[in-house]
Amino acid sequence: MGFRCAGLVLAAVAATAAWVPAPANAAATANMAAVVKAAQLDPRKPDTTPTDGAKASVLLVEQALQAKSLLDESYVDGHFGTKTVEAYAAWQRSLGYTGLDASGLPGRTSLRALGEGRFTVTDELTPGARVTYHGVTVNERTKAMLQAAEGLLSRQFVLTQGSYNPGGDPASAGTHDGGGVVDISVSGMTEATQTTVVRTLRQVGFAAWRRTPSQGDWGYHIHAVAVSDTDLSPPAQHQVGDYYLGLNGLANRGPDDGPQVTKVTWEEYQSTH
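Here the structure is a predicted model, which means the values were calculated and not measured.

Regarding the side chain of K45
Phase 1: The topology assignment puts K45 in the loop between α2 (32-41) and α3 (55-67).
Phase 2: Reaching out from K45, the side chain makes a polar contact with the side chain of D42 at a distance of 2.9 Å.
Phase 3: In this structure K45 touches P50, T51, H79 and L245, once residues within four positions along its chain are discounted.

Notes on the pattern of salt bridges
Phase 1: Counted according to the given criterion, the structure contains 9 salt bridges.
Phase 2: Here R112 and E124 are joined by a salt bridge, their closest N and O atoms 2.8 Å apart. A residue pair is termed long-range when its members are at least 10 positions apart, and R112 in helix α5 (residues 108-115) and E124 in the loop between β2 (120-122) and β3 (130-133) qualify at 12 residues.
Phase 3: The exposure class of R112 is partly exposed, given its relative accessible area of 43%.
Phase 4: Under the relative-accessibility criterion, E124 is labelled partly exposed at 32%.
Phase 5: With a shortest N-O distance of 2.5 Å, D242 and R253 are connected by a salt bridge. Of the two residues, D242 is situated in helix α8 (residues 234-244) and R253 in the loop between α8 and α9 (266-270); the sequence distance between them amounts to 11 residues.
Phase 6: Residue classification places D242 among the buried positions, given a relative accessible area of 2%.
Phase 7: Residue class for R253 comes out partly exposed when judged on its relative accessible area of 33%.
Phase 8: Shared partners join several salt bridges into a network, and the residues in it are R44, D242 and R253.

Here's the deal with the nonpolar core
Phase 1: The biggest cluster of nonpolar side chains holds 39 residues, and the ones touching the most others in it are V61, L65, F80, Y88, L114 and F119.
Phase 2: Listing elements by their share of this core, those giving two or more residues are α2, α3, α4 (82-94), α5, β7 (206-211) and α8.
Phase 3: Element by element, the count of residues in this core is highest for α2, at 7 residues.
Phase 4: Contacts of V61, omitting those with residues within four sequence positions, involve V35, F80, Y88, L111, L114 and F119.
Phase 5: The next biggest cluster of nonpolar side chains, apart from the first, holds 26 residues, and it includes M145, V197, A208 and A224.

A look at the layout of surface pockets
Phase 1: Space inside the largest pocket adds up to approximately 480 Å³.
Phase 2: What lines the largest pocket is a set of 26 residues, and nearest its centre among them are A171, S172, W218, Q239 and L250.
Phase 3: The set of elements that each furnish at least two residues to the lining of the largest pocket consists of β5 (159-161), β8 (221-226) and α8.
Phase 4: The element that contributes the greatest number of residues to the lining of the largest pocket is α8, accounting for 4 residues.
Phase 5: Among the residues making up the lining of the largest pocket, the classes are represented as 6 nonpolar, 13 polar and 7 charged.
Phase 6: Of the pockets and cavities examined, the second largest pocket occupies roughly 380 Å³.
Phase 7: Forming the boundary of the second largest pocket are 20 residues, of which Y97, D101, G107, T230 and D231 lie nearest the centre.
Phase 8: By residue number, the principal contributor to the lining of the second largest pocket is α5, which donates 3 residues.
Phase 9: For the lining of the second largest pocket, a count of residues per class yields 7 nonpolar, 8 polar and 5 charged.

Here is what the cut-offs are and how they apply
Residues numbered from 1 in each chain as written. Predicted model: local features only at pLDDT ≥ 70, side-chain atom pairs only at ≥ 80, totals over all residues. Heavy atoms only, no water. Helix = DSSP H or I, 4+ residues; strand = E, 2+ residues; numbered from the N terminus. Polar contact = N/O pair within 3.5 Å; in protein donor to acceptor, adjacent residues only side chain to side chain. Contact = heavy atoms within 4.5 Å. Salt bridge = Lys/Arg side-chain N within 4 Å of Asp/Glu carboxyl O. Buried < 20%, exposed > 50% of the residue type's maximum accessible area, 1.4 Å probe, protein only. Core = buried A, V, L, I, M, F, W, Y, C linked by side-chain atoms within 4.5 Å. 1 Å grid on protein atoms, 1.4 Å probe; cavity = no way out; pocket = protein on both sides within 12 Å on 5 of 7 lines; lining within 4 Å. Points joined across faces, edges and corners; volume = space filled by probe spheres on them. Nonpolar A, V, L, I, M, F, W, Y, C, P; charged D, E, K, R; others polar.

In structure tokens, the structure reads:
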């Protein structure tokens, strides 16, 4: 083959290769743990500052939502605010999800689907299957968290309300409708012990508070919400956001009255223990 013919063949091969489209942002990765944390915290903030370590991943999610005409470009800013929550809920509904499965809190399947051709998902989260633990319904992730706290405390909890309990207790304001939330009896505990329990629950990744009759229509108990549980109901998501903002998780959004700890998720706790 002459040089001229060889050159034409190479040019044809190069032209053919040029027609093969490369996936948009094929090398991009969205950290699901960071995105889910931002989706809980950002809507409760008084400003639009991104959650630490989450901006790059949230931007990928927002760009994908914009590409699907679900989010206006002005909200593509790395802050997972209420408009992004609404856009993500619309994406979930487009996939056929309803109810709490379309709350705007990203789940593993919907996030993978959103990223197709744009980004891959890392640090994935899943609540696991629903199980019975101490007589109430929780998911596998919440059970593991409770067991870790019980191990640290050398005691077993008495659970008075579990998860996935829509309408079970009107005083709970919907926080127990989804996963990741439990109420713990304080019967037989001194106030000091109750504080220790709350501290330990926080150390393994719960947003937890000691509740008293002066705060609402309930008796003394401990209320615990598993941070970054992707089955959380919207009211429970708001409680997590308020916890990170130093608030009490109640409707009055008063100051946090619990013991101060370094706030972590279950996965962050596991990575250091």
